[in-house]
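Structural overview
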Amino acid sequence: LGQVGVVWSISHAEKMMNLMYQYKCREGNCEVPRFHVEDGMKLGMWLQDQKQQRKRNNLNDERIHRLDQLGIVWDIHDDRWEKMYNIWCNYIKRTGHSNVPRSYVENGQKLGMWLHTQRKFKKRGTMNEKRSALLEEAGIVWDVLKQCQKKAYTNGMYRDANGRAQRKCEDL
């Protein structure tokens, strides 16, 4: 066919999709750094552009489907939150309680700090309602100090005139 004038060319988008596949096969994920260059092509920038186009509803369904099949994470913040939420739920199942010490790290993830941050978002009024509902459903204690004081009071730990517990609430 080349002899009769048929030009075989692949579109830019198709080249980039192939590079995404190549990247995923090599790295095991589609978390391409923004400035990553693959075979001389700005794959990271292209992927960022695809994500922005999707947010603006300017990306066609076929492209979205193909990128979904590769395992593209469209919103890394939501993905990270969901991963931490799942780690926390597993912690609850394993320990029987939802209060993670602030310095607690599980599988390299700062779970205690993540939970502390969720409480701060709730206190400031900046937490999204869906996330708040999920955390409440799993058994979050929003005010750990208040729970600690209540627990201490019901256990008869208050001994001084100021209402301070004589023992630290160790499990919180």
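Above this text is the structure in question.
Just so it is clear, the model here is predicted, and its values are computed rather than measured. (Residues numbered from 1 in each chain as written. Predicted model: local features only at pLDDT ≥ 70, side-chain atom pairs only at ≥ 80, totals over all residues. Heavy atoms only, no water.)

A few words now on the pattern of salt bridges. Throughout the structure, instances matching the rule amount to 7 salt bridges. Its salt-bridge partner being Glu-38, residue Arg-26 comes within 2.6 Å of it at the nearest N-O pair. Taken as a pair, Arg-26 in helix α1 (residues 12–27) and Glu-38 in the loop between α1 and α2 (43–55) lie far apart in primary sequence, 12 residues in all. Across the pair Arg-131 and Asp-78 runs a salt bridge whose closest N-O atoms are separated by 2.7 Å. Of this pair, Arg-131 sits in helix α6 (residues 129–138) while Asp-78 sits in helix α4 (residues 76–95), placing them 53 residues apart in sequence. Beyond isolated ion pairs, a larger network of salt bridges with shared partners links Arg-26, Glu-27 and Glu-38. (Salt bridge = Lys/Arg side-chain N within 4 Å of Asp/Glu carboxyl O. Helix = DSSP H or I, 4+ residues; strand = E, 2+ residues; numbered from the N terminus.)

Relative to each other, α1 and helix α3 (residues 61–70) sit at 15 degrees, their axes nearing to 10 Å. One way to sum up the angle between α1 and α3 is to call them roughly parallel. When the axes of α1 and α3 are compared, the crossing they make is right-handed. Where α1 abuts α3, its residues Ala-13, Glu-14, Met-17, Met-20, Tyr-21 and Lys-24 lie against Arg-63, Arg-66, Leu-67, Gln-69 and Leu-70. Grouping the constituent residues of the contact of α1 with α3 by class yields 6 nonpolar, 1 polar and 4 charged. (Axes fitted to C-alpha atoms, helices over the stretch in contact; angles between N-to-C directions. Parallel < 35°, antiparallel > 145°, perpendicular 65-115°, else oblique. Left-handed = near helix turned anticlockwise from the far one by under 90°. Contact = heavy atoms within 4.5 Å. Nonpolar A, V, L, I, M, F, W, Y, C, P; charged D, E, K, R; others polar.)

Glancing now at the packing of aromatic side chains. Following the criterion strictly, the structure yields 5 aromatic pairs and no others. On the numbers, 6.5 Å between centres and 55 degrees between planes, the contact of Trp-88 with Trp-114 is tilted. In this pair, Trp-88 sits in helix α4 while Trp-114 sits in helix α5 (residues 111–124), placing the two residues 26 residues apart along the sequence. When sorted by exposure, Trp-88 lands in the same class as Trp-114, which is buried. (Phe/Tyr/Trp six-rings, centres within 6.5 Å; stacked < 30°, edge-to-face > 60°. Buried < 20%, exposed > 50% of the residue type's maximum accessible area, 1.4 Å probe, protein only.)

Turning our attention to the packing of α1 against α2. Put simply, α1 and α2 touch, their axes get as near as 11 Å, and they point 110 degrees apart. With respect to α2, the axis of α1 lies roughly perpendicular. On α2, the residues that touch His-12, Ala-13, Met-16, Met-17, Leu-19, Met-20 and Tyr-23 of α1 are Leu-43, Trp-46 and Leu-47. Class assignment of the residues belonging to the contact of α1 with α2 gives a composition of 9 nonpolar, 1 polar and no charged.

Under the 1.5 Å per step criterion, the end-to-end length of α4 is 28 Å for 20 residues, consistent within 8% with the ideal 28 Å. Every buried residue of α4 is accounted for by Trp-81, Met-84, Tyr-85, Ile-87, Trp-88, Cys-89, Tyr-91 and Ile-92. Where α4 is buried, its residues touch α5 and α6. Two or three places before His-77, at the opening of α4, Asp-75 has a side-chain oxygen 2.9 Å from that residue's backbone nitrogen. Directly after α4, the chain includes Gly-96, whose backbone phi takes a positive value near 85 degrees. (Expected span 1.5 Å × (residues − 1). Polar contact = N/O pair within 3.5 Å; in protein donor to acceptor, adjacent residues only side chain to side chain.)

Our focus in this paragraph is unusual backbone geometry. In this structure, Asn-57 takes a positive phi of about 60 degrees despite not being glycine. Among the structural elements, Asn-57 can be located in the loop between α2 and α3. The exposure class assigned to Asn-57 is exposed, which follows from its relative accessible area of 69%. For Asn-107, which is not a glycine, the phi torsion comes out positive at approximately 50 degrees. Its location among the elements puts Asn-107 in the loop between α4 and α5.

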